Amino acid sequence: MTDRKDELAVNLAKVEERIARACAAAGREREEVTLIVVTKTYPADDVRILADLGVRHVAENKDQDAAPKAATCSDLSLSWHFVGQLQTNKVRSVVGYADFVQSVDRSRLVSALSKEAVRAGREVGCLIQVALDAGESGRGDRGGVAPGGIEELAGLVAGAPGLRLAGLMTVAPLTGEYAGRQRAAFERLMDLSTDLRRAHPGANMVSAGMSADLEEAVAAGATHVRVGTAVLGVRPRLG
Ligand SMILES: *Cc1c(COP(=O)(O)O)cnc(C)c1O
């Protein structure tokens with residue numbers, strides 16, 4: 001436990017240093033960027049250590065792992081972000097612990113989230129996940145809506161009881177015109193965020209950047225970076 005705490009403290013300090021350096025390089029204040037630690041596949045004990053080390057925001061991508069972890073850690077008053085593809089039959093459970101759902105990408109999900117948020121008497125912050133590599137279908141392989149679908153979805157979220165339109169999220173594409181061009185992808189997301197905020201000024205979260213590309217995200221203007229591996233280590237299985 002102590003060894004693990006030392007390990008996480010060292011990793012966290014390194015990530016903190018990277019964020020601070022990226023902010024300085026971009027002429028941004030450190031306070032403009034929030035670190036979200038992605039704890040997927042790692043145990044509740046790690047979440048507890050991270051909270052002890054000052055982490056306030058954690059993210060998970062699978063309800064079956066996240067729900068028991070969030071319940072075990074409910075005394076820590078952390079903000080929980082759901083960042084995975086979300087089936088409507090998991091929405092009731094997710095709404096029970098998630099402060100933010102960052103992977104909103106279709107109207108059916110909006111209505112399910114709204115219904116369950118109202119039922120639970122909770123307000124859920126929603127980020128629209130943008131697929132910058134969306135093909136003909138208008139949907140990305142790893143979830144997300146094509147840029148052309150943002151406006152309609154944003155309107156639905158903004159008008160849905162129990163939901164608050166919080167902003168945009170993306171994962172840098174592995175294929176298509178943005179493959180290997182994280183900085184360009186994140187700049188495109190920023191442009192889309194600027195468009196969105198004309199109609200929805202409060203939707204100012206821009207969630208982009210992971211362990212490998214957080215510097216590019218900070219440079220582009222991201223307000224939230226989602227870092228897993230660089231803090232917790234290489235995941236034992238895909239998650
Ligand atoms: C796993 C995951 C992350 C973190 O990825 P790392 O490369 O481990 O930092 C960020 N965002 C989403 C949506 C994820 O699923």
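Residues numbered from 1 in each chain as written. Predicted model: local features only at pLDDT ≥ 70, side-chain atom pairs only at ≥ 80, totals over all residues. Heavy atoms only, no water.

**Section: the overall build of the protein**
And then number 1: Across its full length, the protein holds nine helices and eight strands.
And then number 2: Relative to the compact-globule value of 18 Å for 239 residues, the protein shows a C-alpha radius of gyration of 17 Å, a close match.
And then number 3: Along the longest, intermediate and shortest principal axes, the C-alpha atoms of the protein span 50 × 40 × 30 Å.
And then number 4: The buried share among the 239 residues of the protein stands at 51%. (Helix = DSSP H or I, 4+ residues; strand = E, 2+ residues; numbered from the N terminus. Rg over C-alpha atoms; globule rule 2.2 N^0.38 Å. Buried < 20%, exposed > 50% of the residue type's maximum accessible area, 1.4 Å probe, protein only.)

**Description of the side chain of His57**
And then number 1: Locating His57 in the fold gives a position in strand E2 (residues 57-60).
And then number 2: At 2.9 Å, the side chain of His57 forms a polar contact with the side chain of His81.
And then number 3: Leaving out residues up to four positions away in the same chain, His57 has contacts with Thr34, Leu35, Ile36, Val37, Ser79 and His81. (Polar contact = N/O pair within 3.5 Å; in protein donor to acceptor, adjacent residues only side chain to side chain. Contact = heavy atoms within 4.5 Å.)

**Let's talk about the site of the ligand**
And then number 1: Taken together, Val38, Lys40, Val83, Met210, Ser211, Arg226, Val227, Gly228, Thr229 and Arg235 are the residues near the ligand.
And then number 2: The contact in question runs from an oxygen atom of the ligand to an N or O atom on the side chain of Lys40, over 2.7 Å.
And then number 3: Contact distances for the ligand include 2.9 Å between a nitrogen atom and a side-chain N or O atom of Arg226.
And then number 4: Compared with its free state, where it exposes 390 Å², the ligand has 88% of that area covered by protein.
And then number 5: Along the lines of polarity and charge, the residues of the shell around the ligand split into four nonpolar, three polar and three charged. (Near = heavy atom within 4 Å. Areas by Shrake-Rupley, 256 points an atom, 1.4 Å probe, with all protein chains shown as cover. Nonpolar A, V, L, I, M, F, W, Y, C, P; charged D, E, K, R; others polar.)

**With respect to helix H5 (residues 107-120)**
And then number 1: Taking 1.5 Å per residue, 14 residues should reach 20 Å; H5 reaches 20 Å between its end C-alpha atoms and fits that length.
And then number 2: The set of residues buried in H5 consists of Leu109, Val110, Ala112, Leu113, Ser114, Glu116 and Ala117.
And then number 3: Against the buried residues of H5 lie helix H4 (91-95), strand E4 (100-104), strand E5 (124-130), helix H6 (150-158) and strand E6 (163-170).
And then number 4: Phi turns positive one or two residues past the end of H5, at Gly121, with a value near 65°. (Expected span 1.5 Å × (residues − 1).)

**Side note on the pattern of salt bridges**
And then number 1: The final tally for this structure, using the stated rule, is 16 salt bridges.
And then number 2: A salt bridge links Glu17 to Arg21; its shortest N-O distance comes to 2.8 Å. Of this pair, Glu17 and Arg21 both sit in helix H1 (residues 2-26), separated by four residues, roughly a single helical turn.
And then number 3: By relative accessible area, Arg21 is classed as exposed at 57%. (Salt bridge = Lys/Arg side-chain N within 4 Å of Asp/Glu carboxyl O.)

**Some thoughts on the side chain of Ser207**
And then number 1: Looking at the element boundaries, Ser207 is found in strand E7 (residues 205-207).
And then number 2: Judged by relative accessible area, Ser207 falls into the buried class, the value being 0%.
And then number 3: In terms of polar contacts, Ser207 uses its side chain to reach the side chain of Arg226, at 2.9 Å.

**Focus: the UniProt feature "modified residue: N6-(pyridoxal phosphate)lysine" (unreviewed entry) in the protein**
And then number 1: With numbering matched to this structure, UniProt assigns "modified residue: N6-(pyridoxal phosphate)lysine" (unreviewed entry) to Lys40.
And then number 2: When you line up the elements, Lys40 lands in the loop between strand E1 (34-38) and helix H2 (44-52).
And then number 3: For Lys40, a relative accessible area of 14% gives the class buried. (UniProt positions renumbered as here; feature names shortened; annotations may be inferred.)

**Regarding the pairing of strand E3 (residues 79-82)**
And then number 1: Every second residue of E3 is oriented toward a common face, with Ser79 and His81 on one face and Trp80 and Phe82 on the other, all of them buried.
And then number 2: Relative to E3, E2 is paired through four bridges, and the arrangement is parallel. Residue Glu60 lies in a different strand from E3, and its bridge partner there is Phe82.
And then number 3: Handedness of the crossover joining E2 and E3 through helix H3 (residues 63-72) is recorded here as right-handed.
And then number 4: Relative to E4, E3 is paired through two bridges, and the arrangement is parallel. Bridge pairing in E4 places His81 opposite Phe100. (Pairing = 2+ DSSP bridges. Right-handed = clockwise from strand over helix to strand, strands pointing away.)

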